[in-house]
Each structure stands twice: as C-alpha cells, then as structure tokens.
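For reference, the chains in residue letters:
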Amino acid sequence: MPFSDTADFADADRGFVAALEPGVVKDPAGKVVWDNDSYSFLRDPCPLSVNPSLWRQSQLTVKQGLYEIAPGFYQVRGLDLSNMTLVEGTTGVVVIDPLISTETAAAGLALYRAHRGNRPVTGLIYSHAHIDHFGGAMGVTTTEDVAAGRCPVLAPSGFLEHAVAENIYAGTAMARRAAYMYGAALPRGPKGQIGTGLGQTTSIGTTTLIDPTLDITHTGQEEIIDGVRMVFQMTPGTEAPSEMNFYFPDRRILCMAENATHTMHNILTLRGALVRDPHIWSRYLTESINLYARQSDVVFSSHHWPMWGTDKIVEFLSLQRDLYAYLNDQTLRLLNQGYLGSEIAEMIQLPPAIAENWSTHGYYGSVSHNVKAIYQRYMGWFDGNPAHLWEHPPVESARRHVEAMGGANAVLQKAQKAYDAGDYRWVAQMVNYVIFAEPDNTKAKHLQASAFEQLAYGAENGTWRNFYLSGAYELRNGPFGTPTKANAQGMLSALTVDQAFDAISLFLDGPKAWNITLVADWRFRDADNRVQRTELRNGVLIHYPRAAGDNLPAPDATVTLTRGAFAKTMLAGGNMQEAVLKGEITVEGNVVALKQLSGVFDKPNPNFAIVTP
C-alpha cells in the first residue's frame, strides 16, 4: 500500500477548529465514559504487534475535535465511535446523529458552542437506527423542547421499530459480543486495543432515545428545518434496515449516513444483527451518485472524515459501490458452483483498483466474514452436507474430538508444534476442543490465548483484532462482562406499548409457564389510558389492544401504570410490589394470580461465556 500518500491525513485535518482539552468525558458521578487521550501512543511509529495498515487507520480515526467542513457545517469527531454533525440554521443549529451517550453528545455540543456561540438546537436528525447515531439525543435537546415543537426530530421510516429490535430484543447478547468487537474492556496500547477501524471504541455513558416527530418516507422528500433545506434518499436494507442519505441542494453538500465510509463495512457485523443486502446497497450507492454526487462539492458521513471535490466524491462512492457489488456477485457465482461460504472466503480476490485503495480496505468489515454473511443470506446455516445437519453441540463435540485425537495432552502437544510453526489458525481450532472438553485446563487456555494474540497482531481488521484480544484477555484473566449497559432505562422508557410487550414476551421462560393461564388488562395512564390485554397460555404471552365495547371476557386482573413504570418493573428488573406500595402501580382483581408472573420471567445474562463453555 502507498504509505507515502498522505491525502487522507490532509482531509482529516482540514477545517480543524479546536480539540476538547483534555479529551476525556465524565458522567455526573465522575466516571470516565470516554477517554480519547488514552490513545496518545498512536503518535509513535507502528510496532510489530499491529498491522501497519490498521495502525494508519487508527491514526486517522483518533483525531479529535471540532472541524468546519464548509461554512455553517461543523463536525465533532473523536468523542465517540461516530461523528456528530452540526448545521447552522436561521436561528439555531440542526444536529445530525448525536453519538452514543448523552455525556459525549453534550461535550461535543459544548465544544461547538464554545467556538460558534450558544445557539439553540432547532432540529435533530437520526440518519439510521444504530445506537451510535441516536443514543446521545438527550445530551443535545430535551423531551420538552421536542414536545413543544422547538426541536423536530427526523428519522427514516421504520426507525423506531428497528432501533428497538436491535437494542432491546437481542440487546443483551449483542452488547456482550459488542464488548469483544469494540474492545471496550481491553487496555489501550500497542499490544491492546488501538481502535475498531470505524472509530476508536464505544462510549459507556447514558444512552437515550427521543421518538421521531417527522418520518422520512420516500426518496425525494424535501424538508426545511430552521431554514436548512434537505432532500432525502431512502436506503432501507443497506448498512441498517432503516437508513437514509440526504442532500443539501443549496450548499451542494451530501451526507452518506453510514453507507459510504473510509473502510469496507460489514454485511453481517460480528456483534450480531440482520444480514445486510450488498446487492441493494450497491444499487442505492449508484442512485446516490446519479442523484446527488455529481452535483456535490462535499461529502461527509457519520464516521471518518469528509471529502471535497466532485470528481473525488464520485470516484469514492463508485469504488464503495463496486466493492459491495463485487462481493455479492462473486459469492453467488461461486456458491452456484457448489462452493461453501468458508471456501469462497478463501478464494475471492478483490480487483486491483479496489484492493489498492485505502477506503475499501477491511478495517471494520472483511472479505472473509462478509462473504460468509452473503452465503448465509442466501443459503442459511446449513451447507447441504447431511453430516452437518445434526452435529453435536460444542461441548459434546469437543469431548469426542479430544478423545479421538488421543486425549488433551496429545492435542496440546500437536497444538504447540503448530504454534511454533506459526500456524495459529490451526492452534485456535485444535485447542478450542480441549477448552470445551476440559474447561479448567489452564495450559490449554494459555496456549489458546497466545494463539489469539498472534492472530490479533497480524489482523488488518480492527474488530478481528479486538475479538482475538478480548478472547485472550478472558482466557487469562476471567470474564470482563459487558462494559456497556444493555436495555438502558432511557431506551426502555421510549418503547411504545406494543414494543414493551413484545420485549417482555421474549423474557418468558416457556417451560415454567406451560401450565399457567392468566388474562390481564394493562391500562397505561400516559398513553391515553390505552388498555392492552395479555393472555398467558401454553408458555406464550399474547398481547393486543382492547377496543371500547369489545365484549371480551373479564380479565383475572387489571393493572394501571405508566410506560416508565412498566419498563422499570417488568423489563429492568424492578420490584412490582414496591411500585404498588408507592402508588406507581395499582392492581384490581386477582392479585395472587398476577403474582405468578414474577416467577416465570428470566433475566438476561450480560456475562455469558464466549471462549469457554
């Protein structure tokens, strides 16, 4: 790669106004939720323990501060995984994508105001339904300002549904794996976490969600917020199920949300998500080029740094488009020749123009796991071989493999030889069997940790490096859990009534509830006294709204409460009895029957094992 090409560094530095000094953000209790200064070692030359290409990318993404990208357009970078963009309007400023945490978003807004004046926030835009693009909403505005119409909140159609589905329904599992992916618990340094390729890491402050007040439903929809004119392009099914790009026609500036950044992105993120569609992704990028890029002087995204110049913008988006189209088409070509995803991942080589461009390198996504994701999208988990149709689960499989290979000592001897020969992939595969067959085998854990570290040091992909190092850390030191809090109260309180009951139904322990039948009505004072009926039967919690005069059978119990009280007691592990005594909840009817609910709901486990059984 052309390391002498410093154009990206010039673009990343362009328009610099000021940095946050020190680059540390704390919550009201004094806990550090963001520390960009901990990456100061990135100023040094690349060490042997980091892939030079990833080191270069981290030197770019670690840049922190307020930047002017055009008159009236500013970005705050390096205060979270994502960027926050601020567009000055007639009376205030419109905020685009308010980071993950209220603390980092507030710090970013304060940095902007320190240099541009105390402008009110007169609009808030969520480009898509990932938490690093909305979680800090209450750090830049208030529910009172939104309710009063002083700060409209714009989002793509389907935003709320997908934000909840990703962050609540599977939130605990995703947060645990995100701890590995972003390396939030790892020590910073040349042999530790150096970034993710997309940004440095995730902040660990307070996450919130303010419901959108204006949905963007179709491409070409035009809105004016505080004098700022925007034309929107809907891009569902690309980097997020609900996502949009938007164009500022009066300024010839294009926002690509997270659909085009300076890296190959994920078709399936390692933390878990719905598999994305690279075919439709490439088609929307073509549409972006033809509708907007050829009339743009500046393009910016919600990660990384902007680009200037129409020709550069068109080429940048074209390479991104070609990347996703090539991965999709070639995977399907080889899939139809009978190759498996794991085989195709080793076979595909990118065209020279794509492989030799910095912006399409696999710092966040990778050819390997993206190809497997495309295979999964079309073919599912089963590769067609009956031998793989009903395999033993990991522990039982490991015991049989270790026995067949002559026992744990014999496996470890072979693994040590492979380690000495530098065949770390084979070491990881062999020793994994020993760890799952004998979880207390310290020698196996240490050898596996060493193999993971060597694989990490060679990885160009930031998330692969973090996964390997996180696995090694837990093998050596024990679990670090989940630094970020899943199902945060701020998110839970924003759920609609339907979403709240969808979420609680996922915590029901079906076998425990097989023989319980319970009908309850839930009246929500803060939702126009809406009544939601629940029927618990056959280990399933069914719910639906009641209508006036529906003549349904009388319930066993009627509960009156608010959405916040429901979230606190039923979703966040609070005590319903205490809430009743405080008057937050009232219950009429068969209270004893209602108490049966408390024993049939599981609590998600944010510390489940990953590299051990």
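Look above for the structure.
Keep in mind it's a predicted model, so treat the numbers as computed, not measured.

**Q** Would you take a moment to explain the overall build of the protein chain for this structure?
**A** Each helix and strand counted, the protein chain has 21 helices and 21 strands in total. Its C-alpha atoms give the protein chain a radius of gyration of 26 Å, near enough to 25 Å, the size a compact globule of 613 residues would have. Each principal axis of the C-alpha atoms in the protein chain carries an extent, and together these give about 70 × 70 × 50 Å. Relative to its full complement of 613 residues, the protein chain shows a buried share of 54%. Across the protein chain, contacts joining residues at least 24 apart in sequence account for 71% of those joining residues at least 6 apart. When the accessible surface of the protein chain is summed, it comes to about 25,300 Å², and 52% of that surface belongs to carbon and sulfur atoms.

**Q** Explain the sheet that holds strand S5 (residues 73–77) to me, please; I cannot follow it from the model alone.
**A** Within a sheet, each strand pairs with its neighbour through backbone hydrogen bonds, oriented either parallel or antiparallel. Taken in spatial order, the eight strands of this open sheet run S1-S4-S5-S6-S7-S8-S9-S10, and their pairing is mixed. Two strands in the sheet have a free side with no partner beyond their single neighbour: strand S1 (16–18) and strand S10 (214–216). Here the average twist between neighbouring strands, direction ignored, is 25°. Inspection of the sheet shows S1 paired to strand S4 (residues 65–70) by two bridges, in the antiparallel sense. Note on S4: the bridge partner recorded for Ala18 is Leu66. In the packing of helix H3 (residues 102–116) onto the sheet, contacts are made with S1, S4, S5, strand S6 (84–88), strand S7 (93–96) and strand S8 (121–125), and the angle to S6 comes to roughly 35°.

**Q** Help me understand empty space enclosed by the protein in this model?
**A** Here the idea is plain: a probe the size of a water molecule rolls over the atoms and shows the empty space left. The tally for this structure, following the rule as stated, stands at four cavities of 30 Å³ or more. Its volume calculated, the largest cavity comes out at about 130 Å³. Thr61, Lys63, Arg77, Gly78 and Asn83 are the residues nearest the centre of the largest cavity, which is lined by 17 residues in total. Looking at side-chain class alone, the lining of the largest cavity contains seven nonpolar, seven polar and three charged residues.

**Q** Which parts of the structure should I look at to understand the side chain of Ser359?
**A** On the secondary structure map, Ser359 appears in the loop between helix H10 (352–355) and helix H11 (367–379). Assessed through its relative accessible area of 6%, Ser359 is described here as buried. Only 2.5 Å separates the side chain of Ser359 from the side chain of Asn357, close enough to count as a polar contact. Setting aside its immediate chain neighbours within four residues, Ser359 contacts Thr261, His262, Thr263, Met264, Phe316 and Gln320.

**Q** Would you explain helix H16 (residues 462–477) in this entry?
**A** What sets the pattern is the α-helix's 3.6 residues per turn: residues three or four places apart point alike. With 16 residues, H16 should reach 22 Å at 1.5 Å per residue; the first-to-last C-alpha distance of 22 Å fits that figure. Among the residues making up H16, those that are buried are Gly462, Thr463, Arg465, Asn466, Leu469, Ser470, Gly471, Ala472, Glu474 and Leu475. Close packing links the buried residues of H16 with helix H2 (52–61), helix H6 (171–182), helix H14 (424–437) and helix H15 (442–458). Two residues or fewer past H16, Gly478 is found with a positive phi of approximately 95°.

**Q** Explanation requested: the state of the cysteines in the structure shown.
**A** When the sulfur atoms of two cysteines share a covalent bond, that bond is a disulfide. If you walk through the whole model with that rule in mind, you get zero disulfides. Cys151 takes part in no disulfide bond, and the closest cysteine sulfur to it belongs to Cys255, at a distance of 17 Å. On the accessibility criterion, Cys151 (0% relative accessible area) is buried. Taking the relative accessible area as the measure of exposure, Cys255 reaches 0% and is therefore buried.

**Q** It is not clear to me how the packing of helix H13 (residues 408–420) against H14 should be interpreted in this structure. Could you clarify?
**A** Think of two packed helices as two axes; the pair is described by the angle between the axes and how far apart they sit. Contact geometry for H13 and H14: axes closest at 9 Å, N-to-C directions at 165°. Here H13 is positioned roughly antiparallel relative to H14, judged by the angle of their axes. Our pair here, H13 against H14, has a crossing hand that is left-handed. Side by side, H13 and H14 meet where Ala408, Val411, Leu412, Lys414, Ala415, Ala418 and Tyr419 of the first sit next to Tyr424, Trp426, Val427, Met430, Val431 and Val434 of the second. Looking at the contact of H13 with H14 residue by residue, the classes come out as 12 nonpolar, no polar and one charged.

**Q** What am I meant to see in a nonpolar patch on the surface here?
**A** Among the surface-exposed residues, Trp381, Leu389 and Trp390 lie close enough to one another that they form a single nonpolar patch of about 520 Å² accessible area. Within the secondary structure layout, Trp381 lies in the loop between H11 and helix H12 (394–404). Look at Trp381 and you get exposed, because its relative accessible area is 67%.

**Q** Honestly, the pattern of salt bridges in this entry has me stumped. Any pointers?
**A** A side chain with one charge may pair with a side chain of the opposite charge, provided their charged atoms come close. Counting across every chain of the model gives 21 salt bridges. Of the charged contacts in the structure, one is a salt bridge between Asp550 and Arg546, with a shortest N-O distance of 2.5 Å. Owing to a relative accessible area of 24%, Asp550 belongs among the partly exposed residues under this scheme. On the basis of relative accessible area, Arg546 is assigned to the partly exposed category, the value being 26%. What you see here is one network of salt bridges that share partners, running through Asp521, Arg533, Arg546 and Asp550.

**Q** I would appreciate a short explanation of the nonpolar core in the present structure.
**A** Among soluble globular proteins, nonpolar side chains are generally buried collectively. Ranked by size, the top nonpolar core spans 71 residues in total, and within it Tyr126, Trp522, Phe566 and Leu571 carry the most contacts. The residues contacting Leu571, other than those within four sequence positions of it, are Leu492, Leu495, Ala500, Ala503, Ile504, Phe507 and Phe566. Leu254, Leu323, Leu350 and Val371 belong to the second-largest nonpolar core, a separate cluster that totals 36 residues.

Each value, and the rule that gives it
One numbering rule holds for all chains: residues counted from 1, following each sequence as written. pLDDT decides what is reported in this predicted model: residues at 70 or higher carry local features, side-chain atom pairs at 80 or more are listed and counted, and totals for whole chains, interfaces and linings draw on all residues regardless. To obtain the side-chain values, all non-hydrogen atoms of the structure were used and water was disregarded. Think of it this way: any DSSP run of H or I at least four residues long counts as a helix, any run of E at least two long counts as a strand, and we number them from the N terminus. Based on C-alpha atoms, the radius of gyration is set beside the globule rule, defined as 2.2 Å times the residue count to the power 0.38. Summary of the burial criterion: residues with accessible area below 20% of their type's maximum are buried, those above 50% are exposed, and those between are partly exposed, where the area comes from a 1.4 Å probe applied to protein chains only. Only heavy atoms matter for contacts: two residues are in contact if any of them lie within 4.5 Å across the pair. For the area figures, the Shrake-Rupley method with a 1.4 Å probe applies, and any residue is considered shielded solely by the protein chains shown. In this scheme, strands are said to pair when DSSP sees at least two bridges between them. Angles shown run from 0 to 180 degrees and are taken between the N-to-C directions of axes, each axis being a line fitted to C-alpha atoms and, for helices, limited to the stretch in contact. The distinction between a cavity and a pocket rests on a 1 Å grid over the protein atoms alone: a 1.4 Å probe fits inside a cavity but cannot get out, while a pocket stays open yet meets protein on both sides within 12 Å along at least five of seven lines, and a residue with an atom within 4 Å of a point counts as lining. Grid points are joined across faces, edges and corners, and a volume is the space filled by probe spheres set on the points. Gly counts as polar in this scheme, as do all residues outside two lists: the nonpolar Ala, Val, Leu, Ile, Met, Phe, Trp, Tyr, Cys and Pro, and the charged Asp, Glu, Lys and Arg. For the purposes of these results, a polar contact is taken to be a pair of N or O atoms within 3.5 Å, where, inside protein, one atom must be able to donate a hydrogen and its partner to accept one; residues adjacent in sequence count only when each atom of the pair is a side-chain atom. One less than the number of residues in a helix, times 1.5 Å, gives the span that helix is expected to have. In plain terms, two cysteine sulfur atoms within 2.5 Å form what is called a disulfide here. Any angle that falls under 35 degrees is termed roughly parallel, while one over 145 is termed roughly antiparallel, one within 65 to 115 roughly perpendicular, and all others oblique. Should the near helix be turned counterclockwise from the far one by less than a right angle, the crossing is left-handed, whereas a clockwise turn marks it as right-handed. Patch rule: a residue counts if its relative accessible area is over 30% and it has no salt bridge; like charges are joined within 9 Å, and nonpolar side chains (Val, Leu, Ile, Met, Phe, Trp, Tyr) within 5 Å. Basic side-chain nitrogens of Lys or Arg form a salt bridge, by our definition, when they fall within 4 Å of a carboxyl oxygen of Asp or Glu. The nonpolar core is taken to be a set of buried Ala, Val, Leu, Ile, Met, Phe, Trp, Tyr and Cys residues, with the residues joined through side-chain atoms within 4.5 Å.

What is shown is where atoms sit, not what they do.
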